[in-house]
Amino acid sequence: GWARINVEGKRGNERVIKYSENLTDDNKHVDQSSITNGGTHKDQYIMEGNPDGEEWEQSFIYHGFRYVEIEGEYDEITVDAVVAFTDMPLTSSFKCDNDVINKIHHACINSIQTNCHDLMTDCPHREQNFWTGDAAASAEAITMSFNAYNMLSEWAEHFKDSQLDDGQVPCIVPPFGLSWSYLFATGPDWDSAIIHLPYYAYKYSGKREIVDTLWENMNRLLKYFESRTESRILNFGLGDWACFSKNEIMHEDMCPIEISDTCFYRIDALMMAEMAQATGRDAAPYLVLADEIKEEF
């Protein structure tokens, strides 16, 4: 969200509001070192000098933060945090007798909300991009927790517009720039978002329109995967992104790409079979494909 200030002071005095997740070691200032570009998480306001005080909040950007720091001269000031995210009503709840697990669930819910601005982003404080891999990994948590159908339906239209004729999907949807989004982080583990998002949206809402909207596009992705191999084993793309590594060298410990790629390929085929059966389509070709992938694997 962002900060709303009520402030009294002299005309022309500038207020600078800095946002951050962390504080400096002395706890006296915000620490923006974890933000790629700290300048994007700084609001600036020049006072009118109204003797009755003035209220202000920015309207052009949102920030990810736990702390704010106010710089500049003023007589009196109060600060409120404004929480903002796309309107997705919470549709489920969870509670157990283990407080740690309850807190983990609460953090997960907050994480989904704080990353839903228009569409789902990767983080609210740094890139704020609509990464497909992040969305696919989170799809079931999002749809079982929130009524996200409208948001995902809008996203489906962006997937349709962004998919290339050969079936490839960019790693950020909608893509920015020219070709970069089609060159980095492509592969079954990221491209499969075009199947996983409608699958879970339908599964947890019962509304099939999103499946119908993307049906041709999902099939085009499977054809694209088929074109990348002479067998049913896939081996291209980013692979096991940001895996745990005891040596802090990711590629030494990451899962071999052909394993994760081929597993996604089979999961996609099974999801397609389930959606086909549920919507009155022929599931047989997808079940055959899933069996062939399993056998080859």
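The rules behind the values
Per chain, the residues get numbers from 1 upward, laid out in the order the sequence is written. Two thresholds apply to this predicted model, a pLDDT of at least 70 for residue-level local features and 80 or more for giving and counting side-chain atom pairs, whereas whole-chain, interface and lining totals are computed over all residues. Calculated side-chain values reflect all of the structure's heavy atoms, with hydrogen atoms and water omitted. Only strands joined by at least two bridges in the DSSP assignment are considered to pair. We count a stretch as a helix when DSSP gives it H or I for four or more residues in a row; a strand needs E for two or more, and each element gets its number in order from the N terminus. Here the axes come from fitting lines to C-alpha atoms, over the contacting stretch only for helices, and the angles between their N-to-C directions go from 0 to 180 degrees. With respect to orientation, any angle under 35 degrees is reported as roughly parallel, any angle over 145 as roughly antiparallel, any angle of 65 to 115 as roughly perpendicular, and every other angle as oblique. Crossing handedness is defined as follows: a turn of the near helix away from the far one that is anticlockwise and smaller than a right angle gives a left-handed crossing, while the clockwise case is right-handed. Contacts are assigned to residue pairs with any non-hydrogen atoms lying within 4.5 Å of each other. Each residue gets one label: Ala, Val, Leu, Ile, Met, Phe, Trp, Tyr, Cys and Pro are nonpolar, Asp, Glu, Lys and Arg are charged, and the others, such as Gly, are polar. Residue-level confidence of the predictor, termed pLDDT, takes values from 0 up to 100. We define the nonpolar core as a collection of buried residues of types Ala, Val, Leu, Ile, Met, Phe, Trp, Tyr and Cys that are connected through side-chain atoms lying within 4.5 Å of one another. Partly exposed describes any residue whose relative accessible area lies between the buried limit of under 20% and the exposed limit of over 50%, with all areas from a 1.4 Å probe on protein chains only and scaled to the type maximum. What makes a patch is a set of residues exposed beyond 30% relative accessible area and free of salt bridges, joined within 9 Å when like-charged and within 5 Å when nonpolar (Val, Leu, Ile, Met, Phe, Trp, Tyr). Accessible surface area values rest on a Shrake-Rupley calculation with a 1.4 Å probe, where residue burial reflects the displayed protein chains alone. Salt bridge, as applied in this entry: a Lys or Arg side-chain nitrogen positioned within 4 Å of an Asp or Glu carboxyl oxygen. Under this rule, positive means Lys or Arg and negative means Asp or Glu; His and the chain ends count for nothing. By convention, the charge on Lys lies at NZ, on Arg at CZ, on Asp at CG and on Glu at CD.

## Overview of the sheet that holds strand β6 (residues 54-56)
- Spatial ordering of the open sheet is given by β6-β1-β8, a layout of three strands whose pairing is antiparallel. Lying at the two open borders of the sheet, with one neighbouring strand each, are β6 and β8 (76-82). Averaged over neighbouring strand pairs, the angle between their axes works out to 15° when direction is ignored.

## Here's the deal with the packing of helix α6 (residues 193-205) against helix α9 (residues 257-278)
- The interhelical angle for the contact between α6 and α9, taken along N-to-C directions, is 40°, at an axis separation of 10 Å. Relative to α9, the element α6 lies oblique. As for how α6 packs across α9, the hand of that crossing is left-handed. Residue-level inspection shows I195, H196, P198, Y199, Y200 and Y202 of α6 in contact with α9, the latter providing F264, I267, D268, M271, M272, E274, M275 and A278.
- The residue makeup of the contact of α6 with α9, split by class, is eleven nonpolar, one polar and two charged.

## So, the confidence of the model for the chain
- Overall, the prediction assigns the chain a mean pLDDT of 92, with 98% of residues at 70 or greater.
- Mean pLDDT per element in the chain: helix α8 (residues 250-253) is the minimum at 72, and helix α10 (residues 284-296) is the maximum at 98.

## Some words on the nonpolar core
- The biggest cluster of nonpolar side chains holds 58 residues, and the ones touching the most others in it are M151, W155, F159, I195 and M275.
- Broken down by secondary-structure element, the contributors of at least two residues to this core are α1 (99-114), β10 (119-120), α2 (132-145), α3 (149-162), α6, α7 (209-227), α9 and α10.
- Looking at this core element by element, the count peaks at nine residues for α7.
- Each residue touching W155, except ones within four places of it in the same chain, is listed here: L119, M120, F130, A135, V173 and L197.
- Formed by eleven residues, the second largest nonpolar core is a distinct cluster that contains W2, A3, Y19 and Y62.

## With respect to a negative patch on the surface
- Together, E8, D52, D75 and E76 make up a region of like negative charge exposed at the surface.
- Relative to the helices and strands, D75 resides in the loop between β7 (67-71) and β8.
- Given a relative accessible area of 54%, D75 falls into the exposed group.

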